[in-house]
Structures are given as structure tokens and as C-alpha cells.
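Analysis of the macromolecular model
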Amino acid sequence: MARTKFVCGNWKMHKTVAESLALVKELVAGLSEAAGKVQVAVAPPFTALHPVAQALRGSALEVSGQDVFWEAQGAFTGEVSATMLAEAGCRHGIVGHSERRQLFGETDEGVRKKAAALLAAGLSPIVCVGETLAEREAGRTLEVVERQVRKGLAGFGAEQLGRITVAYEPVWAIGTGKTATTAQAQEVHAAIRGILRQLGGAAADAMRIQYGGSVKPDNARELMSQPDVDGALVGGASLKAKDFLAIVKGALR
Ligand code: PEP
């Protein structure tokens, strides 16, 4: 089935408020060709979410959080709830990014709770999965990704699954300049689609599976031409308007 491609820029810990506003201004100005044909979002750091969302009101560019905490409120110093993200103007929230898993001890169960909190607040989770280099070299890619998908999405019904995007991001390709080949990406994306069908039946056909890991203007089109690659989660190349816009253009059929 035809799925609208979804490209999201994950800015990580980059950009002050002023820099964020300057970048989205350039993006909006350059998005006209893709508007309505590709879904596009940016995930600025927490401090810039509200001003960026305000600046983007009425535009086609959407806003995502980079993380969220699953509790609604309370004594959780440093954390931000899904309701807070929604109020700040977010439509999406990224959970389970490999940097959160590796540097901050995020678990599959934590990913599931965060995704559930986002859904409850009316936001769309972008659930990241992906194997390390050691796991790929040990031939464990599909086993690791299957575990992350099944545990991260455990208990969600078809309606909830339909609001979730899965991002396949091989850890060895993130920020390294190494990209999965189109065949490697398609193999894992097709396997993820198979698991999603077991979990959600027909809802799986409408779910977007993004690829992430050193997506650049020169490889984006080829990666997103694969039947089960429904967009991209872009790190480094989303920090420059020219590169991110070129990647979005690569999603146009
Ligand atoms: C990411 O961190 O989600 C990512 C894909 O980063 P990069 O594009 O820089 O590899």
C-alpha cells in the first residue's frame, strides 16, 4: 500500500533557541515542493520546542520531542512528561534512540512505557530499534530487532500501533558515515513489517518504518525507494537546512 513518507530531523543536543528559530525559518521557506506530499518533522532540544512550535504554527513542518518520561508528573528531576510535550506544541516523540539506550540505560520496558505515555497524550511515538556492530557481526540483527519491537510495542492494539512509527537505526551507522546498504535496510524493514503484521494485522500496512543512520542527500533517495523504507530519521544532516531539504526531496516519488 502507498504510505506517505515521513522524514524527521533529530537535532540531538544542538541549537540554541535563536539557532533553532533560524533553522526552521529556512526549512519552511524551502519545503513548498514537498508540503502535503511528505510528512516532515524536526526534533529540537527541549528548550527550543515551544518557541519552534509557535513559529511553525500554520506551516507543514511538525515538531517532535527527542525523549519523554512516562509518569504524568511528580518528583522526577530533569524529566518532561508527554502532556508537557503536547502543550509545547509537539505532535511526535522519539523513544528508544540508541543514544538513550546506550548512554542513559533506556530499556525495552522503558521504551514501551514512554510510547504508551505519548499515545495517551495524543502524540505519535517514533520508536527506535537497531543492532550494534557486534550483534550484526554475530548474525543476531533480526533477533535483536525483533526483541526490541515486540517488547517496545507489547500490549498495544491496532489503533495504537497505527499511530506509531518504527525507526530502524543500526547503531553502527549512526553518526559514523557508514550507511546500511539498501538491501540491508530493506531486509530488516521487511522483517519488522512482518512482526508488525503479527502484532497489529492490517494496521501494519499503514505503519511507517523509517531508516536512520548517516542518511545524507546522496543516499536518501535510494534508501527511501525500497518498498518497506517509509522515510528517514536524520541526525547530523538535519542540522543544515540545505542537506535536510535535499533529503526531504529524496522522499518525493
Ligand atoms: C540518529 O541519531 O537518529 C541518526 C540517524 O544520526 P545520523 O544521521 O547522524 O547518523
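A short tour of the structure in this document, coming up. The shown structure was predicted, so the numbers you read here are calculated from the model rather than taken from an experiment.

Parameters and conventions
- Residues numbered from 1 in each chain as written.
- Predicted model: local features only at pLDDT ≥ 70, side-chain atom pairs only at ≥ 80, totals over all residues.
- Heavy atoms only, no water.
- Salt bridge = Lys/Arg side-chain N within 4 Å of Asp/Glu carboxyl O.
- Helix = DSSP H or I, 4+ residues; strand = E, 2+ residues; numbered from the N terminus.
- Buried < 20%, exposed > 50% of the residue type's maximum accessible area, 1.4 Å probe, protein only.
- Near = heavy atom within 4 Å.
- Polar contact = N/O pair within 3.5 Å; in protein donor to acceptor, adjacent residues only side chain to side chain.
- Areas by Shrake-Rupley, 256 points an atom, 1.4 Å probe, with all protein chains shown as cover.
- Nonpolar A, V, L, I, M, F, W, Y, C, P; charged D, E, K, R; others polar.
- Contact = heavy atoms within 4.5 Å.

**Side note on the pattern of salt bridges**
Summed over the entire model, instances satisfying the criterion amount to 17 salt bridges. The partner of Asp67 in a salt bridge is Lys114, and the shortest N-O contact between them spans 2.9 Å. Here Lys114 lies in helix H5 (residues 108-120) and Asp67 lies in the loop between strand S3 (61-65) and helix H3 (82-88), a separation of 47 residues in the sequence. Its salt-bridge partner being Asp230, residue Arg193 comes within 2.7 Å of it at the nearest N-O pair. Taken together, the positions of Arg193 in helix H9 (residues 182-200) and Asp230 in the loop between helix H11 (217-224) and strand S8 (231-234) put the pair 37 residues apart, joining distant regions of the chain. Judged on exposure class, the residue Arg193 and its partner Asp230 are both buried. One network of salt bridges, with partners in common, ties together Arg3, Arg193, Asp228 and Asp230.

**Structural notes on the site of the ligand**
What surrounds the ligand is a group of 14 residues, the closest being Lys12, His97, Glu169, Gly175 and Ser214. His97 has a polar side-chain atom sitting 2.7 Å from an oxygen atom of the ligand. Between an oxygen atom of the ligand and a main-chain N or O atom of Gly175, the distance comes to 2.6 Å. Protein burial of the ligand: of its 300 Å² of free accessible surface, 97% is covered by the chains. Taken together, the residues that form the shell around the ligand break down as four nonpolar, eight polar and two charged.

**Topic: the environment of Gly152**
On the secondary structure map, Gly152 appears in helix H7 (residues 141-152). Expressed as a C-alpha distance, the spacing of Gly152 and Asp230, which sit 78 residues apart in the sequence, is 20 Å. When residues no more than four places from it in sequence are discounted, the contact partners of Gly152 are Asp108, Val111, Arg112 and Arg147.

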